[in-house]
Amino acid sequence: MTKLFVGTELAKVIELNHPDSIADHSDAAAIIHPGQIHEVLAFLKQAEDLDFQVLSALTAVDYIEYFEVIYHLLSMRRNTRCVIKARLPGREELTIPSVTDLWRGAELQEREIWDLMGIKFEDHPNMKRILLWEGFPGHPLRKDFIR
Amino acid sequence: MAIKTEPITINMGPQHPSTHGVFRLRVTFDGEVVVDVEPVFGYLHRGTEKLAEERTYVQIVTLTDRLDYTASMSNNLAYVRSVEKLGGIEVPERAQYLRVICAELQRIASHFVSIGFMLQELGAFGTPLMYCFRERERILDLFEMLCGARITLSYMRPGGLIQDAPEDFWPALGILMESMPEYIDDLEGLVTSNEIVLARTRDVGIISPELAVNGSVTGPMLRASGVQWDLRKANPYEVYDRLEFDVPIGYQGDTYDRYLVRVQEMRESVRIIEQCIKQIPGGAIQSEAPFFVRPPVGDVYDAIEAPKGELGFYLVSDGGISPYRCKIRAPSFINLTVLRDMLVGWKLADLVVIFGSTDVVLGEVDR
Amino acid sequence: MSFDQLYDLLDRFVPESIDWMVFTVTALILSLAVINAMVLCTALYTWFERRMLGRFQSRIGPNRWGPFGLLQPIADVIKLLVKEDVIPVVADRAVFTLAPVVLLVPALMVFIVIPFGEQSFLGKLNVGVLFILGVTGVNTLAIIMGGWASRNKYALFGAMRGAAMLISYEVPMALSLIGVIILAGSISLVDIVSSQGIFYILVQPLAFLVFMAAASAEMSRAPFDMIESESELGAGYHTEYSGIKYAIFQLAEFMAPLVTAAVATVVFLGGTKGIDPIPGQVWFLLKAFSVVFVLLWVRATWPRLRVDQIMGFAWKGLFPLSVINFFVVAVELFVLQEPDGTITNQSMMIMTGINWVVMVVSIVLIATVLGQGKLQHKLPPQPSSLANMAASEGD
């Protein structure tokens, strides 16, 4: 069976290597400050004993007060998964560092999040809308989007 | 005298015979050679994720049918599993076995479609496609017995299935499973060692295992690159831990390997179904789950091995009767990440074949 | 009715001084008859092809109109004729309109010289084979015209591919016919038929194979159908055509297998020769029919080759094979022919024996050089170290 890392344990490991990067943690996930998300994810990918070589899924949720970007990481060598989240407060001009340099698999998913949620990923090679056309008003997966 | 040449840009699609629906590739050619590819998505975008936020958990099952419309059962399965995990719903054992049978039948049907269209794109004038569709038709007949529908099935519900299989389903399934290996042999006889197929597909459109893993590629495409990763074995869901099967892999991740892996997976699926027929117990097929599922507040991600790859649903519940957020991790969509790496440097004729071998379904890509 | 009979008939009504006109009118009438017969044949052939493809693909094929769907071609033609005939605004109108005609006329002209019976007058044309090669060569021009004038990128792709491919395949096709010509000692089609004591398909199997391969490339059929490769280019050079022009393209395209079958029948299968009670025309049809069937079979089964592979096959595969064939035949002829230049049936037998051996050896040779070989992998593939599904099962 795939082992799911408990968020609290994961937070401890991250805290050791990247102090002050943890914003919050629960059993399900570790929540990282958006500014440090790239370093933390790079660490998770490169650390010998974690080895998260695959970005399984990348998504975002609109919680009205804040947006949550969720990284589902997978280690095929160790058969483990973990969930990393980052919270972006506010509703306008949201940015978070792109992880396309770590995982190519993030390319299309980050574009999709920008398209549907309106979160910009910095340093993404091709930050354009993907499912909708350029010039579409608004970002439809936001809770305040009105048709 | 040097002749002045310049690259030519072609819009392949959205109306093109080889784009598997409505997909558009903006391709730049140097003569016949592809120098750049830019996929353009979204022609089939129906906002499934947004629609799901306004429907009850049971209603969303019908939405999932329309994602990968060649593999509705797998979509149903992935979705209801996520709901069950979120709501802590138990599933009776008989339903679990039936789900596995359906998912594997659907895998065979989906791989038939994939192989058939890849060969069509190779230029075989319909014959292999018809061979594939002939057998797929019989699987769809079985589905019709189960739930009355052939394509958009909606057979599964959180907590089980809508109804038990009818009496005459089992003999029909037995007959099909007996003849299926022969059919696959037929198809392989026509294709596998065909000189032209070999010339066209071997060493073409290679994805290295490193690129596949880095690009989040999953499913037969990943396994064709030699990475033995199958969620059915790595994280056995339903009753896969009680079943014996192998995970076929390819040598180097070229188009031919992707074809071969699919053929071998069909054989494994037949094996799985035969074991299921022997092992399936009696009993209920639906647990006492309420019609309006109200899962506790929280979020869950659960994935299964769909025919195209890792199909996952990320559900966020706010305690209501519909999900707060329903994210679909669509394998065909994410597999397209490596499209450019596969296509650049090959010829126009290879382009359509490589694209066919990735087995994308646009319903799932655009959602 | 033969040419001479018709000529005599017309001659009675016309003064001596304009005999040439009688000749012309007679030739025109007969040609018209042949052309109309061929167009009808092609219509029937479309039905046949679709029905057979249906059988190959385990489906039924057109069966709605008329007995066995025999009237389907009429329905098709009516449908195509009433469609709007669109000419793109940016197209070169003159060339665009001319292209289908340029494609159709050569296909029809070939039939005129085919000897459908022993009395065939135009079949006696003393440059028959050359005429066929020359006339079919015009195809290339038509395809480039169609592709270029439509100003469509797909059409252009198809046309450029066509130009490269058709010209390449003309070389092995002509060379494969040379073997027959030196054996028959004539390039008149009637003479070629009459010289076939043993059918040339037996005497020169290699030439026949090369000819069939090159011919299916010439008419752009599977596995060489890259000019209009549907899955890649939509429809290739005739992407922009519709209505009657498209119908003419289709007519020419469906006529091509008949042309090939007729030429192959005359050159390699002994034309109208057969066993006596059955008339020669029936034999001719039977032979042509079997050639068409083989072409169809290939089309229904094989995928398409890639551009570079098709060109490679022409120059590395068919070209050497045809040269080998015509060299071997020439040497054999030099050794075996009688002092007066004829060949007895016995020496023909000897040649047959040698040629079959040559064919097998040379094809095996070329196939090992060009072919894909068998699947080399003996060991099962090694799983990459990037994944380990069994991991963490212990904890």
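Structural data are supplied above this passage.
A brief structural summary.

How each quantity is defined
Residues numbered from 1 in each chain as written. Chains lettered and ligands numbered in written order. Predicted model: local features only at pLDDT ≥ 70, side-chain atom pairs only at ≥ 80, totals over all residues. Heavy atoms only, no water. Helix = DSSP H or I, 4+ residues; strand = E, 2+ residues; numbered from the N terminus. Buried < 20%, exposed > 50% of the residue type's maximum accessible area, 1.4 Å probe, protein only. Contact = heavy atoms within 4.5 Å. Pairing = 2+ DSSP bridges. Axes fitted to C-alpha atoms, helices over the stretch in contact; angles between N-to-C directions. Buried area = accessible area lost by both parts, 1.4 Å probe. Salt bridge = Lys/Arg side-chain N within 4 Å of Asp/Glu carboxyl O. Polar contact = N/O pair within 3.5 Å; in protein donor to acceptor, adjacent residues only side chain to side chain. Core = buried A, V, L, I, M, F, W, Y, C linked by side-chain atoms within 4.5 Å. Parallel < 35°, antiparallel > 145°, perpendicular 65-115°, else oblique. Left-handed = near helix turned anticlockwise from the far one by under 90°. Nonpolar A, V, L, I, M, F, W, Y, C, P; charged D, E, K, R; others polar. Expected span 1.5 Å × (residues − 1). Phe/Tyr/Trp six-rings, centres within 6.5 Å; stacked < 30°, edge-to-face > 60°. Lys NZ or Arg CZ within 6 Å of the ring centre and 35° of its normal.

1. Points about the environment of Ile184(B)
Residues and elements named next belong to chain B. Within the secondary structure layout, Ile184 lies in helix 6 (residues 169-191). Looking at Ile184, the relative accessible area reads 1%, which means it is buried. Taking the C-alpha atoms as reference points, Ile184 and Asp30, 154 residues apart in sequence, are found 39 Å from one another. What Ile184 contacts, discounting residues up to four positions off in sequence, is Phe112, Val263, Met266 and Arg267.

2. A look at the sheet that holds strand 3 (residues 33-40) of chain B
All names here are of chain B. Ordered in space as 1-2-3, the three strands form an open sheet in which the pairing is antiparallel. At either end of the open sheet lies a strand with only one pairing partner, and these are strand 1 (8-12) and strand 3. Within this sheet the neighbouring strands show an average axis-to-axis angle of 20°, counted without direction. Relative to strand 2 (residues 24-30), strand 1 runs antiparallel, the two being bridged by five bridges.

3. Comments concerning the sheet that holds strand 8 (residues 325-329) of chain B
Residues and elements named next belong to chain B. If you trace the three strands from one edge of the open sheet to the other, you get 6-7-8, paired in antiparallel fashion. Of all the strands in the sheet, just strand 6 (298-306) and strand 8 have a single pairing partner and so form its edges. Strand-to-strand, the axes of this sheet are offset by a mean angle of 15°, without reference to chain direction. Alignment of strand 6 against strand 7 (residues 309-317), held across nine bridges, turns out to be antiparallel. In the sheet register, Asp302 faces strand 7, and the bridge partner there is Phe313. Across the sheet, helix 3 (residues 72-87) is in contact with strand 6 and strand 7; its angle to strand 6 comes to roughly 150°.

4. Notes on the interface of chain B and chain A
When the parts come together, some accessible area is lost, and that loss is often what is quoted as the size of the interface. Counting from both sides, the interface comprises 39 residues of chain B and, opposite them, 43 residues of chain A. Summed over both partners, the interface of chain B with chain A buries about 3400 Å², with 54% contributed by carbon and sulfur atoms. Of all residues in chain B, Asn214(B), Trp229(B) and Tyr324(B) bury the most surface against chain A, accounting for 18% of the area lost on that side. Viewed at the interface, chain A and chain B are joined by six salt bridges. Note that Lys128(A) is salt-bridged to Glu38(B), the shortest N-O span being 3.4 Å. Our count for the contact surface shared by chain B and chain A stands at 21 residue pairs in polar contact (both at pLDDT 80 or more).

5. Looking at the nonpolar core
Counting 186 residues, the largest nonpolar core has Leu44(A), Tyr71(A), Ile84(A) and Ile119(A) as the members making the most contacts within it. Take this core: its biggest share by element is 15 residues, from helix 4 (residues 93-122) of chain B. Aside from chain neighbours lying at most four places away, what touches Tyr71(A) is Ile37(A), Leu41(A), Leu55(A), Ala57(A), Leu58(A), Cys82(A), Val83(A), Ile84(A), Ile96(A), Pro97(A), Val99(A) and Phe121(A). Counting residues in hydrophobic clusters, the runner-up holds 92 residues, among them Leu53(C), Ala149(C), Met226(C) and Val292(C).

6. Description of the packing of helix 6 (residues 138-150) of chain C against helix 7 (residues 153-184) of chain C
All names here are of chain C. Look at helix 6 against helix 7: their axes get within 8 Å of each other, and the N-to-C directions meet at 165°. Classed by the angle they form, the pair helix 6 and helix 7 counts as roughly antiparallel. When you trace helix 6 past helix 7, the crossing you get is left-handed. Taken together, the residues of helix 7 that come into contact with helix 6 (itself represented by Asn139, Thr140, Ile143, Ile144, Gly147, Trp148 and Ser150) are Ala155, Leu156, Ala159, Gly162, Ala163, Leu166, Ile167 and Glu170. The residue inventory of the contact of helix 6 with helix 7, partitioned by class, reads nine nonpolar, five polar and one charged.

7. Remarks on helix 3 of chain B
The first and last C-alpha atoms of helix 3 of chain B sit 22 Å apart over 16 residues, in line with the 22 Å expected at 1.5 Å per residue. Burial analysis of helix 3 of chain B places 14 of its 16 residues in the buried class, which makes it a mostly covered element.

8. Examining the packing of aromatic side chains
This model, assessed by the stated rule, comprises 27 aromatic pairs over all chains. Ring centres of Tyr256(B) and Tyr259(B) lie 6.1 Å apart, and the angle between their planes is 40°; on these two criteria the pair is classed as tilted. Within this pair, Tyr256(B) and its partner Tyr259(B) are both found in helix 11 (residues 255-279), separated by three residues, close to a single helical turn. Exposure class is identical for Tyr256(B) and Tyr259(B). Each is buried. Ring geometry for Phe224(C) and Phe313(C): centres 5.8 Å apart, planes at 20°, overall stacked. With Phe224(C) in the loop between helix 10 (205-218) and helix 11 (230-233) and Phe313(C) in helix 14 (residues 307-336), this pair connects stretches of sequence that are 89 residues apart. Judged by its relative accessible area of 4%, Phe224(C) is buried. A relative accessible area of 28% means that Phe313(C) is categorised as partly exposed. Grouping aromatic residues by their ring pairs yields a cluster made of Phe23(B), Phe41(B), Phe333(B) and Phe355(B). Residue placement shows Lys233(B) over the ring face of Phe245(B); its charged tip is 4.0 Å from the ring centre.

9. Examining the interface of chain B and chain C
Contacts between the two partners involve 54 residues from chain B and, on the opposite side, 43 residues from chain C. Joining chain B to chain C, the criterion identifies three salt bridges. With a shortest N-O distance of 2.5 Å, Arg161(C) and Glu32(B) are connected by a salt bridge. At the boundary of chain B and chain C, one finds eight residue pairs in polar contact (both at pLDDT 80 or more). Examining the composition of the side of chain B that touches chain C, we find that six residues originate from one element, helix 7 (residues 195-201) of chain B, more than from any other.

10. Side note on helix 2 (residues 19-56) of chain C
The end-to-end C-alpha distance of helix 2 of chain C is 54 Å, a good match for the 56 Å that 38 residues give at a rise of 1.5 Å each. With its phi angle positive at about 45°, Ser58(C) sits one or two positions after the end of helix 2 of chain C.

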